[in-house]
Amino acid sequence: MHTKIRQILLAPDRAKIIGQEHTIKGWVKTVRGQKNLTFVEVNDGSCFTNLQVVVQPETKGFDASAVNTGASVSVTGVVAQSPGNQPLELHANLIKVYGKANQESYPLQKKRHSFEFLRTVAHLRPRTNTFGAVTRVRNALAFATHLFFQKRGFLYIQPPIITSADCEGAGELFRVTTIDPEKPPRTPEGKVDYTKDFFGCPTYLTVSGQLNAEAYACALTDVYTFGPTFRAENSNTARHLAEFWMIEPEMAFAELADNMECAESFVKFVTTYVLDNCADDMAFFNQFIETGIIDRLKKVIETPFEHSTYTYAVRVLQKSGKTFEFPVEWGMDLQSEHERYLTEEFFQKPVILTDYPRKIKAFYMRDNMDGKTVAAMDVLVPKIGEIIGGSQREERYDELEAKIKEFGLDPKPYWWYLELRKYGSVPHSGFGAGFERLIRFVTGLDNIRDVIPFPRFPGSAAF
Ligand code: 4AD
């Protein structure tokens, strides 16, 4: 059994652990020689801070040519107080090298690397300070997500990854098929015959688990999903991925106001959890990634989110005196530049925009009485814009069926979704929180490609 570095550096009782012998295992970050001592910084990912290993002349197994940056080691030694009240250190008795790292070619030497470069070594970047910290915060956010919904009595459900229905109706689907592209089966009209495909119909990777979540909410009241979703949209931006994770709660007997309350509480809960449980990682982000992020997040937690209708926001944008790349008019989808102006400059806090034009939102959103807007809500936050999108769902059969047709969709694959409106339909609402956008918001990282282990985006599925 070996000890995780975290158990030493964050030991609840420092006095007790000093003098004890422990074995740690990890990767060498740096090596520094001084007279007859060598200081080796080792990290095992269990916490931000490296453990300083002090190699003395009597340490067994030490080979200076093998113990260098990137090598994997096991060190057995005695925990000691380092001079000047620094973190604890380990006085090595025995060092074993598991795997050497060739210093000529190891890409992660001590200097700071650009994020662009690190994306080309995505298999090694988790060894850097930034990616170690992002990974721990990502883990904490995932755990806090489950904690939040479990505390509220939501059931965690797992919708299918392969589906035959386009949840968003936007056609941004990756097809799943076993048909041989060289010689596909053909219909008499000469089209590809998907009835001969693996599932007997056209299938895709899911863009959202919402439709399935609605079926479960309409039986079990409060449910949530947390899984990968896929969009074949050709967006090369700092906030889009082709494969991203989404958290989708769905609540029966809930209207838009309940949905907004849940979304705001969720963002505040998970942010608080990270500040409370990832102090070292957050201190690093505060110093090296976004100065002042900790105060910014504390303010977010303390301040009620602003609420505004889409229509009011459009007026604000039109009166802003700003020249936007996309001029603003009622009925258009807001772009990132508009969202950021609203949350960063005008409201200066997270804002929930509601009641969007029905034509720019998905078919399943409940029509408002005005005939022009739907009971939709988007949560916008500084630096990113939209991190959550949700709505109250159309629970009336006739209205939903008419809307599916009006939006030019084939009602066939939605038969079961429509049927939910036939038997015990209830008002219900839900939202989707983009997990990677949430991580960007909490860490201050500028690019979504740097908050997921192996990003997928147009032109890139490496690693
Ligand atoms: O607004 P969206 O498309 O909503 C839905 O998919 C609904 N079915 C959700 C629901 O009501 N259950 O996506 C929801 C969120 C966005 O606010 C954004 O944070 C994230 O998912 N998102 C993306 N994140 C990264 N890359 C992309 N390409 C994303 N598209 C959406």
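One can find the structure itself at the top, above this paragraph.
From a predicted model like this one, the values you see are computed outputs, not experimental measurements. (Residues numbered from 1 in each chain as written. Predicted model: local features only at pLDDT ≥ 70, side-chain atom pairs only at ≥ 80, totals over all residues. Heavy atoms only, no water.)

1. Overview of the overall build of the protein chain
At step 1: What the protein chain contains, in helices and strands, is 13 helices and 16 strands.
At step 2: On the principal axes, the C-alpha backbone points of the protein chain span a range of 85 × 60 × 45 Å.
At step 3: Burial analysis of the protein chain (463 residues in total) assigns 50% to the buried set.
At step 4: Counting only contacts in the protein chain whose residues sit at least 6 apart along the sequence, the fraction spanning at least 24 positions is 68%.
At step 5: Surface exposure of the protein chain reaches about 22,100 Å², of which carbon and sulfur atoms provide 53%.
At step 6: Put simply, the protein chain has 54 plus and 57 minus side-chain charges, and the middle of one group is 6 Å from the middle of the other. (Helix = DSSP H or I, 4+ residues; strand = E, 2+ residues; numbered from the N terminus. Buried < 20%, exposed > 50% of the residue type's maximum accessible area, 1.4 Å probe, protein only. Contact = heavy atoms within 4.5 Å. Areas by Shrake-Rupley, 256 points an atom, 1.4 Å probe, with all protein chains shown as cover. Lys, Arg positive; Asp, Glu negative; His and termini not counted. Charge placed at Lys NZ, Arg CZ, Asp CG, Glu CD.)

2. Section: the environment of Ala71
At step 1: Structurally, Ala71 is set in the loop between strand 3 (51–55) and strand 4 (72–80).
At step 2: The exposure class of Ala71 is buried, given its relative accessible area of 0%.
At step 3: Separated by 288 residues in the primary sequence, Ala71 and Lys359 have C-alpha atoms spaced 57 Å apart.
At step 4: Contact partners of Ala71, with chain neighbours within four places excluded, come to Gly26, Trp27, Val28, Ala66, Gly99, Lys100 and Ala101.

3. Examining the site of the ligand
At step 1: Lining the immediate environment of the ligand, one finds 25 residues, of which Glu168, Gln210, Arg231, Glu248 and Glu386 sit closest.
At step 2: Contact distances for the ligand include 2.9 Å between a nitrogen atom and a backbone N or O atom of Leu241.
At step 3: The protein chains hide 93% of the 620 Å² of surface that the ligand would expose on its own.
At step 4: Of all the elements in the fold, those that place two or more residues in the shell around the ligand are strand 11 (243–252), strand 15 (385–392) and strand 16 (428–434).
At step 5: Ranked by residues supplied to the shell around the ligand, first place goes to strand 15 with 5 residues.
At step 6: Its residues assigned to classes, the shell around the ligand comprises 9 nonpolar, 8 polar and 8 charged. (Near = heavy atom within 4 Å. Polar contact = N/O pair within 3.5 Å; in protein donor to acceptor, adjacent residues only side chain to side chain. Nonpolar A, V, L, I, M, F, W, Y, C, P; charged D, E, K, R; others polar.)

4. Things to note about the packing of helix 6 (residues 256–277) against helix 8 (residues 293–302)
At step 1: Packing of helix 6 against helix 8 brings their axes to within 9 Å, and their N-to-C directions diverge by 140 degrees. Along this stretch, helix 6 crosses helix 8, giving a crossing that reads as left-handed. Every residue of helix 8 that contacts helix 6 at Lys268, Thr271, Thr272 and Leu275 is listed here: Ile294, Leu297, Lys298, Val300 and Ile301.
At step 2: Looking at the contact of helix 6 with helix 8 residue by residue, the classes come out as 5 nonpolar, 2 polar and 2 charged. (Axes fitted to C-alpha atoms, helices over the stretch in contact; angles between N-to-C directions. Left-handed = near helix turned anticlockwise from the far one by under 90°.)

5. A closer look at the sheet that holds strand 5 (residues 89–99)
At step 1: Strand order in the closed barrel formed by 5 strands is 1-2-3-5-4, with mixed pairing between adjacent strands. Geometrically, the sheet is characterised by an average inter-axis angle of 55 degrees between neighbouring strands, direction not taken into account.
At step 2: As judged from the 9 bridges shared by strand 4 and strand 5, these two strands associate in the antiparallel manner. By the bridge assignment, Val75 is partnered in strand 5 with Ile95. (Pairing = 2+ DSSP bridges.)

On their own, these measurements won't tell you what the molecule is for.
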